[in-house]
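Coordinate analysis (summary)
Residue-level listing of the chains:
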Amino acid sequence: MIQKLVEKIKKTKAPIVVGLDPMLSYVPEQLKQKSFAEFGETLAGAADAIWQFNKGIIDCVYDLIPAVKPQIAMYEQFGIEGLKAFQKTVDYCHEKDLVVIGDVKRGDIGSTSAAYADAHLGKISVGANRFSAFNEDFATVNPYFGIDGIQPFLDVCKEEKKGIFILVKTSNPSSGEFQDRLIDGRPLYEYVGEKVAEWGEQHMGGDYSYIGAVVGATYPKVGRIMRKVMPKAYILVPGYGAQGGKAEDLVHYFNKDGLGAIVNSSRGIIAAYKQEQYAHFTQENYADASRQAVLAMIKDIDHALQKAE
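The text that follows walks through the structure, step by step, so that each part is easy to find. (Residues numbered from 1 in each chain as written. Predicted model: local features only at pLDDT ≥ 70, side-chain atom pairs only at ≥ 80, totals over all residues. Heavy atoms only, no water.)

Focus on helix α6 (residues 110–120)
Taken together, the buried positions of α6 are occupied by S113, A117 and H120. Down the axis of α6, the smallest arc covering the buried residues is 80 degrees, so these residues share one side. Contacts from the buried residues of α6 go to β3 (99–106) and α7 (147–160). (Buried < 20%, exposed > 50% of the residue type's maximum accessible area, 1.4 Å probe, protein only. Helix = DSSP H or I, 4+ residues; strand = E, 2+ residues; numbered from the N terminus. Arc of directions from axis to C-beta. Contact = heavy atoms within 4.5 Å.)

Next up, the structure:
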């Protein structure tokens, strides 16, 4: 799957991923009213509004981008109905030939980790049958448990030819409380990055490993270091745009070939119509605003990469 991701990035010339992290407050009134008219002001109504919102955006941007990244918490908050919307979103993105990165941040050990891996990337046996559940192409994984938590994902990835992105240095302000702690004079995130590189060497998918890393755009100096520590790992970069990450800060996350990183934007794209520069699209044309935001992001990152050459 890492090869498909790389090929789609080359084809679209867009090293970006759209974070499908919808809040109900992002959904235009006309969509909410339609869903509430059918399902009532219920969890089912909210989940349907989320699904319709996602579908509109996907229809408007799928030809521009290689991948999407739905954050499962935004769906779980609506319970079972929300998870159904998550599944519909994943399936529909696959219909559009998009790579799906499930932002699930799972982490546990033993049979629990194996169950998470099977649920999101693998297959589950029911009698004589085998089924894929959520069926994402990649999943984000918390490495805090060490190899005991990672190995079940590695096993499933090898079997299914899928991938994971391991949290190395996250974009949030308090990430340094643990991730920056010094061990023998070096920050913890460097040790995690070295493990990602080590595990990745054993699980290559062409020029890149299917064991990638998450390194936030809000820490560009760290990105420069981790690119050298993990030369064959794809880096998923959250924090661009709304969280403060700028395109010029991201050039060192990429390798010299312009590959090696994929930059996420969530509300900066899916809620673009709420931004002043896209307000003229109005709620009715919210998805067109998202398309324009994608085009602007592609141009912004491409300009930064060309300037850095």
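After that view of the structure, there is still more to cover.
Looking at the pattern of salt bridges
Using the criterion set out here, one finds 18 salt bridges in the structure. The salt bridge partner of R106 is E76, with a shortest N-O separation of 3.4 Å. Of this pair, R106 sits in strand β3 while E76 sits in helix α4 (residues 73–76), and the two are 30 residues apart along the sequence. Given the relative accessible area of 15%, R106 is considered buried. In this structure E76 comes out as partly exposed when scored by relative accessible area, which is 37%. Between E198 and K195 there is a salt bridge whose closest N-O contact spans 3.5 Å. Of this pair, E198 and K195 both sit in helix α9 (residues 188–201), separated by three residues, roughly a single helical turn. (Salt bridge = Lys/Arg side-chain N within 4 Å of Asp/Glu carboxyl O.)

What about the layout of surface pockets?
Roughly 650 Å³ of internal volume is contained in the largest pocket. Taken together, 23 residues line the largest pocket, and the ones lying closest to its centre are F254, N255, K256, G258 and L305. Here the lining of the largest pocket takes six residues from helix α12 (residues 286–308), the largest share from any one element. Split by residue class, the lining of the largest pocket holds ten nonpolar, four polar and nine charged. (1 Å grid on protein atoms, 1.4 Å probe; cavity = no way out; pocket = protein on both sides within 12 Å on 5 of 7 lines; lining within 4 Å. Points joined across faces, edges and corners; volume = space filled by probe spheres on them. Nonpolar A, V, L, I, M, F, W, Y, C, P; charged D, E, K, R; others polar.)

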